[in-house]
Every structure is written in C-alpha cells, then in structure tokens.
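# Examination of the molecular architecture
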Amino acid sequence: MKIINSIIAMQALAIAPERGERRIVFVPTMGYLHEGHASLLREGRKRGEVLVLSIFVNPIQFGVHEDLDRYPRDLENDCRIAAECGVDIVFIPTAAEMYPPAFQTGVTVRDLALPLCGARRPGHFDGVATVVTKLFNIVRPDVALFGCKDYQQLAVIRRMTSDLNLPIEIVGMPIVREADGLAMSSRNAYLSPHERQSALCLIRAIRKARELFTTGERSVAVLLHEARAVIEKEPAAVIDYVEIRDGELLNELEVADSGTLLAVAVKIGQTRLIDNTVFGEEL
Ligand code: AMP
C-alpha cells in the first residue's frame, strides 16, 4: 500500500500511461475510519483494479463554530484498516496544498443543497462539492463510492457529477450501524457513555416512523409528529431537524410513499448526529 501526500504525485499516477485499462475506484473520507468506511472500501475493492482512499478533513466544508479543529484523527489506525481492506493508495493531501492562498473557485449545486443540512450549515455543500470535484480531478476515478448515511451529500454529488458530465460512476452504499442501531460515524467518538445511550433516540425515532409506515400511515404530519415525540422524550437531545422529503429532489411532501426520505439531525450535548431512512427500503 502506497501513501501519497502530494497532489502532483497522485495525479501523475492516475494519468500515467502505465495505468492502461486499469479501473480506479475511489473512496473519499475525512479519516478516523470505522466499519462504515470499511464497507465502502470492501465493495470498492471488487469494482476495479486500483483502490484509492483519500483522507482529508476538508476545512471549507466546516462552519466557523463547527468541529474542524477537534475532528478526530488516527492515521495509524486508518492505514491499518485501509491495508486490511486491500487499499492500493492512500492519498492524504495537506490543506495548504489543496487550498493555496490564491484559491478562489467553488462548485455550487443549487436546490438540492438548500434544505436539511444545507439550511443549518451554510456553505457546507459548496465545500463538499468543491473538494470532491478537486479530488475527482486529482484521482481520476472510474468509480467513486459514498455512504447513504450522508444522504443529501450523495444526492448533491450525483447531481454535480451528472451536471458537469464527469465520467465517473457514483455508487451509494447502505448505512452501517452499531449492533444497537446507532449509525456509525467518526463523530460518535465525541460521545460520553451517557450521551452514547441518549444518541439511540435517532434510531428509535426512525424505527417508530418506519413501523407506522409499515402499518399504513402515510401522513407526513403524523409520521413527523411521532418521530419528533420519540426524540423529545430524550432529555439530552436537541432536534436540529426532523424532516420527510421526496427521496430524489428532496422536495417537501404531505404524503409519504415508498422512496420517501426521513432525515434527522440531533444534537446530543455538543455533538451533532445525523441519520436517515428511506421508507420501503431496508433499514
Ligand atoms: P466521512 O469520513 O464521514 O466524510 O465519510 C466518508 C464516506 O463514508 C462518506 O461517503 C460517508 O457517507 C461514508 N460513511 C460514513 N459513515 C457511514 C456509515 N455508517 N455507513 C456507511 N457509510 C458511511
């Protein structure tokens, strides 16, 4: 497994004639890898000859009062997991090289980036779309894998890839959960043991809404009311949003159906957690 820090070196490998017909498969991450990331890497391993993992905590997708400075890092463990998953290249650029002082270009996806996390984290998806575009141009993948855990991010990246005619297949992967249902996230490391228990209110709310949907409830107002009530019972939880939207365009709805998205963002103490489910699909 090769570790590459320089943009030029990574790009040189990607565009080298020796690459030949070998397909490059790409999994971009912010590191502090867990089983969710590993599931993307294992699937990626099957989809091409050269598996590239990037680890980059992208400063421009963090708001001023967010957790950029304390975002968890453990490169040694990340490399161990990467090696186990059969990664060929770990690309770890520096922020200074990704964003030199003269940098002034951004990629904006309009409507899809407005609701949900986009409304609570202004500029977040511009930061995501910009860094993913840069990474795509550096790594030159044929296939890139992203988790449905970040549902809106995946929607934004699919739109951007299509709109900009990028010749890259985007693969969405299911949410990997802990045994008790908590969606895996690098940010779970912030949670105290007590907060870790409180964090289960997200999956409880999702299960409640799914149960109601399964028994025939289709009213978005009712489903939202019930999901919110579950979270409101948890004293340590503060709802950022609980929303039901069309699973493709993320438009608001009054009636839920198969393919409809329920997305939640909840603060547990200082830690903001997100989770989601699509009605009619497996949890
Ligand atoms: P991050 O390092 O949090 O930026 O995540 C990197 C990639 O891993 C993104 O495509 C995420 O959606 C994906 N990912 C993160 N957590 C999970 C999870 N629990 N299950 C599946 N994919 C995940």
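The present account deals with the structure reproduced in this document.

If you tally the helices and strands in the protein, you get 10 helices and nine strands. Computed over the C-alpha atoms, the radius of gyration of the protein is 19 Å, within 12% of the 19 Å expected from 2.2 N^0.38 for a compact globule of 283 residues. Seen through its C-alpha atoms, the protein measures out along the principal axes to roughly 60 × 40 × 40 Å. Split into buried and exposed, the 283 residues of the protein put 54% on the buried side.

Below, the discussion takes up the pairing of strand E6 (residues 169-173). Looking at chain direction, strand E5 (residues 143-147) and E6 are connected through five bridges and run parallel. Bridge assignment links Phe146 to a residue of E6, and that residue is Gly172. After leaving E5, the chain enters helix H7 (residues 151-163) and then returns to the sheet as E6, a path that is right-handed.

What follows covers the site of the ligand. The full set close to the ligand counts 17 residues, and Met30, Gly147, Asp150, Val176 and Met184 are the nearest of them. Backbone polar atom of Met30 to an oxygen atom of the ligand: 2.9 Å apart, as the coordinates give it. Notes on the ligand: free accessible area 490 Å², of which the protein chains cover 93%. Of all the elements in the fold, those that place two or more residues in the shell around the ligand are strand E2 (24-29), helix H2 (35-46) and E5. Its residues placed into classes, the shell around the ligand shows nine nonpolar, six polar and two charged.

Attention shifts here to the sheet that holds strand E8 (residues 260-268). Strand order in the open sheet formed by three strands is E7-E8-E9, with antiparallel pairing between adjacent strands. Sheet topology places strand E7 (237-246) and strand E9 (271-278) at the edges, where each strand pairs with a single neighbour. Geometrically, the sheet is characterised by an average inter-axis angle of 15 degrees between neighbouring strands, direction not taken into account. Summarising the sheet, E7 and E8 pair through nine bridges and their orientation is antiparallel. Across the sheet, residue Ile244 finds its bridge partner in E8, namely Leu262.

The next subject is helix H1 (residues 7-15). The α-helix winds at 3.6 residues per turn, so residues separated by three or four positions along the chain end up facing the same way. Taken together, the buried positions of H1 are occupied by Ile7, Met10 and Ala14. The arc that holds every buried residue of H1, seen down its axis, measures 70 degrees, which confines them to one face. Each element contacted by the buried residues of H1 is listed here: strand E1 (2-4), E2, strand E3 (50-55), strand E4 (89-91), helix H4 (95-98) and helix H6 (124-139). For H1, the side-chain oxygen to backbone nitrogen distance between the N-cap and Ile8 is 3.5 Å, and the N-cap itself is Ser6.

Looking now at the packing of H1 against H6. Closest axis-to-axis distance for the H1/H6 pair is 7 Å, and the angle between their directions is 55 degrees. It follows from the interaxial angle that H1 and H6 lie oblique. Contacts between H1 and H6 involve Ile7, Met10, Gln11 and Ala14 from the former and Asn137, Ile138 and Val139 from the latter. Along the lines of polarity and charge, the residues of the contact of H1 with H6 split into five nonpolar, two polar and no charged.

Here the distance between the centres and the angle between the planes together describe a pair of aromatic rings. Following the criterion strictly, the structure yields six aromatic pairs and no others. On the basis of an interplanar angle of 80 degrees and a centroid distance of 6.0 Å, the ring pair of Phe62 and Tyr71 is categorised as edge-to-face. Take Phe62: its relative accessible area is 10%, and that puts it in the buried class. Since its relative accessible area comes to 7%, Tyr71 is described here as buried. Between Tyr99 and Phe103 the ring centres are 5.0 Å apart and the planes differ by 85 degrees, which places this aromatic pair in the edge-to-face class. What makes Tyr99 buried here is its relative accessible area of 13%. Over the ring of Tyr190 we find Arg70; its NZ or CZ atom is 4.2 Å from the centre of that ring. A cation over an aromatic ring shows up here: Arg218 above the ring of Phe213, its NZ or CZ 3.7 Å from the ring centre.

Rules behind the numbers
Residues numbered from 1 in each chain as written. Predicted model: local features only at pLDDT ≥ 70, side-chain atom pairs only at ≥ 80, totals over all residues. Heavy atoms only, no water. Helix = DSSP H or I, 4+ residues; strand = E, 2+ residues; numbered from the N terminus. Rg over C-alpha atoms; globule rule 2.2 N^0.38 Å. Buried < 20%, exposed > 50% of the residue type's maximum accessible area, 1.4 Å probe, protein only. Pairing = 2+ DSSP bridges. Right-handed = clockwise from strand over helix to strand, strands pointing away. Near = heavy atom within 4 Å. Polar contact = N/O pair within 3.5 Å; in protein donor to acceptor, adjacent residues only side chain to side chain. Areas by Shrake-Rupley, 256 points an atom, 1.4 Å probe, with all protein chains shown as cover. Nonpolar A, V, L, I, M, F, W, Y, C, P; charged D, E, K, R; others polar. Axes fitted to C-alpha atoms, helices over the stretch in contact; angles between N-to-C directions. Arc of directions from axis to C-beta. Contact = heavy atoms within 4.5 Å. Parallel < 35°, antiparallel > 145°, perpendicular 65-115°, else oblique. Phe/Tyr/Trp six-rings, centres within 6.5 Å; stacked < 30°, edge-to-face > 60°. Lys NZ or Arg CZ within 6 Å of the ring centre and 35° of its normal.

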